[in-house]
Amino acid sequence: MPKPTSKDQIIETAQTERTALEQYIAGLTDEQLNRPNIAGDWSAKDVLAHLIEWEKMVIKWYETGVKGKVPAVPSEEYNWGQLPQLNHAIFLKHHDRSLADVQKDFKSSHKKIIKVIQSIPEKELFTRGHYPWTRNNALAAYFVSATSSHYRWARTLLRKGLKSG
């Protein structure tokens, strides 16, 4: 899929991938969504919680950057070389949540990140290094990573895991 070059493309691609993921999930039973070890140790519910957490993190990075501060990216506890550890911490944080709770947050989190993207001026999204914390990257890359790319990854992971399980 080509890299978005406008805010409208970011939103359109995010909505398209999200719809595909939601349609796939809608065809699953609660048992399938809660079944452990679909993606490593994770259930489908855990994958959804992972998406929520990454959406929240990107929003937090942006909101911190807008205030002129430099956020800890990806987190206070982990650097980019420690993504497996960060993702495991996310798993542990959300693993015991109910499916209904995760599903509710899954819907609201997506609405919030789309609203945030809509509020950002296009120039800020695509000017490399506009915020010091993005270094030489465009802000858009972080939002694409947390939305359309992540939704596509999740759908592929779940489809593969549920086929073999």
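Higher on the page you've got the structure.
Residues numbered from 1 in each chain as written. Predicted model: local features only at pLDDT ≥ 70, side-chain atom pairs only at ≥ 80, totals over all residues. Heavy atoms only, no water.

### Focus on the overall build of the protein
Next, step 1: Across its full length, the protein carries eight helices and zero strands.
Next, step 2: In the protein, the succession of α and β elements from N to C terminus is α-α-α-α-α-α-α-α.
Next, step 3: For the protein, whose C-alpha radius of gyration is 16 Å, the value lies close to the compact-globule estimate of 15 Å for 165 residues.
Next, step 4: Along the first, second and third principal axes, the C-alpha atoms of the protein reach 45 × 35 × 25 Å.
Next, step 5: The buried share among the 165 residues of the protein stands at 48%.
Next, step 6: Approximately 9,000 Å² of the protein is accessible, and the part contributed by carbon and sulfur atoms is 52%.
Next, step 7: Across the protein, the 24 positively charged side chains and the 18 negatively charged ones have centroids separated by 3 Å. (Helix = DSSP H or I, 4+ residues; strand = E, 2+ residues; numbered from the N terminus. Rg over C-alpha atoms; globule rule 2.2 N^0.38 Å. Buried < 20%, exposed > 50% of the residue type's maximum accessible area, 1.4 Å probe, protein only. Areas by Shrake-Rupley, 256 points an atom, 1.4 Å probe, with all protein chains shown as cover. Lys, Arg positive; Asp, Glu negative; His and termini not counted. Charge placed at Lys NZ, Arg CZ, Asp CG, Glu CD.)

### A word on helix α7 (residues 139-146)
Next, step 1: Of all eight residues in α7, six are buried; the element is thus mostly enclosed.
Next, step 2: Of the residues making up α7, those classed as buried are Leu139, Ala140, Tyr142, Phe143, Val144 and Ala146.
Next, step 3: Of the surrounding secondary structure, the elements contacted by the buried residues of α7 are α1 (7-26), α3 (44-66), α5 (99-119), α6 (122-126) and α8 (148-164). (Contact = heavy atoms within 4.5 Å.)

### Focus: the pattern of salt bridges
Next, step 1: Applying the stated criterion to the full structure yields eight salt bridges.
Next, step 2: A salt bridge links arginine 18 to glutamate 22, with the nearest nitrogen and oxygen atoms 3.0 Å apart. Placement of the pair is arginine 18 and glutamate 22 together in helix α1, with a separation of four residues, close to one helical turn.
Next, step 3: Salt-bridge contacts for arginine 97 lead to aspartate 101; the nearest nitrogen and oxygen are separated by 3.2 Å.
Next, step 4: Taking relative accessible area as the criterion, aspartate 101 reaches 30% and is therefore assigned partly exposed. (Salt bridge = Lys/Arg side-chain N within 4 Å of Asp/Glu carboxyl O.)

### Quick look at α8
Next, step 1: Taking 1.5 Å per residue as the helical rise, α8 with its 17 residues ought to reach 24 Å, and the 25 Å between its terminal C-alpha atoms agrees with that figure.
Next, step 2: Taken together, the buried residues of α8 touch α1, α2 (30-34), α3, α5 and α7. (Expected span 1.5 Å × (residues − 1).)

### Some details on the packing of α1 against α5
Next, step 1: Relative orientation of the contacting elements α1 and α5 amounts to 170 degrees, with a least axis distance of 10 Å. When the interaxial angle is binned, α1 and α5 end up roughly antiparallel. Contacts between α1 and α5 involve Lys7, Ile10, Ile11, Ala14, Gln15, Arg18, Leu21, Glu22 and Ile25 from the former and Phe106, Lys107, His110, Ile114, Ile117 and Gln118 from the latter. (Axes fitted to C-alpha atoms, helices over the stretch in contact; angles between N-to-C directions. Parallel < 35°, antiparallel > 145°, perpendicular 65-115°, else oblique.)

### Re the packing of α3 against α8
When two helices pack together, their arrangement is captured by the angle between the axes and the distance separating the axes.
Next, step 1: Running from amino to carboxyl end, α3 crosses α8 at an angle of 170 degrees, the nearest separation of the two axes being 11 Å. Relative to α8, the element α3 lies roughly antiparallel. Across from Ala44, Val47, His50, Leu51, Trp54 and Glu55 in α3, the residues of α8 making contact are His150, Tyr151, Trp153, Ala154, Leu157 and Leu158.
Next, step 2: A breakdown of the residues in the contact of α3 with α8 according to their chemical character gives nine nonpolar, two polar and one charged. (Nonpolar A, V, L, I, M, F, W, Y, C, P; charged D, E, K, R; others polar.)

### What to know about the nonpolar core
For soluble globular proteins, the rule of thumb is that nonpolar side chains tend to be buried together.
Next, step 1: Formed by 48 residues in total, the largest nonpolar core has its most connected members in Leu21, Trp61, Ile113, Leu139 and Phe143.
Next, step 2: Per-element tally for this core: the top contributor is α3, with 12 residues. (Core = buried A, V, L, I, M, F, W, Y, C linked by side-chain atoms within 4.5 Å.)

### Considering unusual backbone geometry
Next, step 1: Residue proline 74 follows valine 73 across a cis peptide bond; omega there is 5 degrees.
Next, step 2: Following the sequence through the fold, proline 74 ends up in the loop between α3 and α4 (83-94).
Next, step 3: Phi angles above zero are rare outside glycine, and asparagine 37 is one such case at about 65 degrees.

### Here we look at the side chain of histidine 150
Next, step 1: Looking at where histidine 150 falls in the secondary structure, it is placed in helix α8.
Next, step 2: Those residues in contact with histidine 150 that lie beyond four places of it in its chain are His50, Leu51, Trp54, Val144 and Ser145.

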